[in-house]
Amino acid sequence: MSMIPSFFGNRRSSVFDPFSLDVWDFSSSSQFPQETSAFVNTRVDWKETPEAHVFKADLPGVKKEEVKVEVDDDRVLKISGQRKIEKEDKNDTWYRVERSSGAFSRRFRLPENVEVDQIKASIDCGVLTLIIPKAEAKKSNVRAIQISG
């Protein structure tokens, strides 16, 4: 199943679908308070280059120690973590609180052509970047068969 509307009928295919619903984390409002909802919806860009799959996630104010990146046996990439709530001083008067805090988690099913043991991760200026190299295409051993007759 795909999040892309089906304008061309309900055709199923064996083609890799990165928008497969079975691994997306959708959080209900009862699980997360309203003030954390913006952070729960962590924005992630995913692009494919000839050499790798590249993920970029906006994680403003999150330290690298607060982020966890995992890949399970089914090639599901999970980016999770938590941004701590700022300590409040009882003498402070708050007029507006818009920055969010709390836990976040996003999951993506990776295609079969990736090298999950060679992922490179970095965080700079609040942006987590993951580079997942592609596996070299396996050369098929096609052998010509002589037909006798």
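Everything numeric in this text was worked out from a predicted model, so none of it was measured.

Draft legend 1. Quick look at the sheet that holds strand β4 (residues 76-83). Taken in spatial order, the three strands line up as β3-β4-β5 in an open sheet, and their pairing is antiparallel. With partners counted over all chains shown, the strands left at the sheet margins are β3 (67-71) and β5 (102-109), one partner each. When strand polarity is set aside, the average angle formed by the axes of neighbouring strands in this sheet is 10°. Across eight bridges, β4 lies against β5 in antiparallel orientation. In the strand pairing of β5, arginine 83 is matched with glycine 102.

Draft legend 2. Spatial organisation of the environment of isoleucine 131. Here isoleucine 131 lies in strand β7 (residues 127-133). By relative accessible area, which is 37% here, isoleucine 131 ends up partly exposed. Not counting chain neighbours up to four residues away, the residues in contact with isoleucine 131 comprise Ala52, His53, Val54, Gln118, Ile119 and Lys120.

Draft legend 3. Examining unusual backbone geometry more closely. Residues other than glycine seldom take positive phi values, yet arginine 75 does so here, at roughly 60°. Following the sequence through the fold, arginine 75 ends up in the loop between β3 and β4. Even without a glycine there, the phi angle at cysteine 125 is positive, about 55°. Position of cysteine 125 relative to the elements: it lies in the loop between β6 (120-124) and β7.

Draft legend 4. The sheet that holds strand β2 (residues 52-58), seen in detail. The strand order across the open sheet formed by four strands is β1-β2-β7-β6, and the pairing between neighbours is antiparallel. In this open sheet, the two edge strands, each paired with only one partner strand, are β1 (44-48) and β6. The sheet shows a mean angle of 15° between the axes of neighbouring strands, taken without regard to direction. As judged from the five bridges shared by β6 and β7, these two strands associate in the antiparallel manner. By the bridge assignment for β7, isoleucine 123 is matched with leucine 128.

Parameters and conventions
- Residues numbered from 1 in each chain as written.
- Predicted model: local features only at pLDDT ≥ 70, side-chain atom pairs only at ≥ 80, totals over all residues.
- Heavy atoms only, no water.
- Pairing = 2+ DSSP bridges.
- Helix = DSSP H or I, 4+ residues; strand = E, 2+ residues; numbered from the N terminus.
- Axes fitted to C-alpha atoms, helices over the stretch in contact; angles between N-to-C directions.
- Buried < 20%, exposed > 50% of the residue type's maximum accessible area, 1.4 Å probe, protein only.
- Contact = heavy atoms within 4.5 Å.

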